[in-house]
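If you want the building blocks of each chain, they are given just below.
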Amino acid sequence: MFEFNEIIIWLEENPEWIALGIVGASFIESFALIGIIIPGVVLLAVIAGLASASLSIYEVVFLAYIASLISDIVSFFIGYSLRNSLSNFWPFTNHPEFLHNGKMFFKRYGMIGLFVGKFIGPIRPLLPITAGSLNMNKKSFLSIELFSCLLWALIYTVPGYYAGQAVASKNNSPFEYIWFWIGIVVLLVFIRYLSKKFK
């Protein structure tokens, strides 16, 4: 079991590892066999905040984007390779409902569901492996992932990054980031709406 507090403290003391922390948290959050059990979104947001002292926002978003994209692609090919026996592997042996729910969601919403599901926590790590197990067209999968992973990286790192920057700066006006925070609230409301619509 990960101790998130210990990871954060360690990264604060060893800032040279923050970039790797962003990659690890993004990969874990998206990877099928880990992201189902260990949620990495909060960890990623906090590490993005720490990164504001040493990395640019472009570097943070890029690292999260690449790690998430690779994680989803690996999950897809695991699903594709084990499509006839996926239910015999952990964690699906102990939780067959994970795979069932992923397949039902994917069959119901198809390619649109793959895109939207990237922003719905409980279903996010299930969809790439499910898409692979259902033999989804590889080019279609990649075209959706290239865009959805970028949007996901922006949503889950930018707020934490600027929050960390605001905390670290003593000269910022409380209203300096007002439009930024309004935009974040609108995004969160939109994601909540999608979560309910695609339940």
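Residues numbered from 1 in each chain as written. Predicted model: local features only at pLDDT ≥ 70, side-chain atom pairs only at ≥ 80, totals over all residues. Heavy atoms only, no water.

Q: Sorry, what's going on with the overall build of the chain here?
A: Across its full length, the chain carries nine helices and zero strands. Each helix and strand of the chain, placed in order from N terminus to C terminus, yields the pattern α-α-α-α-α-α-α-α-α. By the burial criterion, 44% of the 199 residues in the chain qualify as buried. Looking at the chain alone, contacts between residues at least 24 apart form 76% of all its contacts between residues at least 6 apart. Carbon and sulfur atoms make up 68% of the accessible area of the chain, which totals about 10,900 Å². (Helix = DSSP H or I, 4+ residues; strand = E, 2+ residues; numbered from the N terminus. Buried < 20%, exposed > 50% of the residue type's maximum accessible area, 1.4 Å probe, protein only. Contact = heavy atoms within 4.5 Å. Areas by Shrake-Rupley, 256 points an atom, 1.4 Å probe, with all protein chains shown as cover.)

Q: When you look at the packing of aromatic side chains in this model, what are you seeing that I'm missing?
A: The geometry of an aromatic ring pair is captured by two quantities: the separation of the ring centres and the angle between the planes. Per the counting criterion, the structure on display carries nine aromatic pairs. A centroid spacing of 4.2 Å and a plane angle of 25 degrees characterise the contact between Phe-76 and Phe-141, whose relative ring orientation is stacked. A residue pair is termed long-range when its members are at least 10 positions apart, and Phe-76 in helix H5 (residues 57-81) and Phe-141 in helix H8 (residues 138-168) qualify at 65 residues. Of the residues examined, Phe-76 reaches a relative accessible area of 1% and is grouped as buried. A ring pair is formed by Phe-115 and Phe-119, whose centres lie 5.6 Å apart and whose planes are at 65 degrees; its orientation type is edge-to-face. Judged by its relative accessible area of 25%, Phe-115 falls in the partly exposed class. A network of ring pairs unites the aromatic residues Phe-76, Phe-77 and Phe-141 as a single cluster. The side chain of Lys-118 reaches across the aromatic face of Trp-152, ending 5.0 Å from its centre. Over the face of the ring belonging to Tyr-80 we find Lys-138, whose NZ or CZ atom lies 4.1 Å from the ring centre. (Phe/Tyr/Trp six-rings, centres within 6.5 Å; stacked < 30°, edge-to-face > 60°. Lys NZ or Arg CZ within 6 Å of the ring centre and 35° of its normal.)

Q: Would you mind showing me how to read the pattern of salt bridges here?
A: Two side chains bearing opposite charge may form a pair once their charged atoms approach each other closely. Under the definition given, this model contains two salt bridges. The residue Glu-29 makes a salt bridge to Arg-124 at a minimum N-O spacing of 2.4 Å. Of this pair, Glu-29 sits in helix H2 (residues 18-30) while Arg-124 sits in the loop between helix H6 (96-117) and helix H7 (127-133), and the two are 95 residues apart along the sequence. (Salt bridge = Lys/Arg side-chain N within 4 Å of Asp/Glu carboxyl O.)

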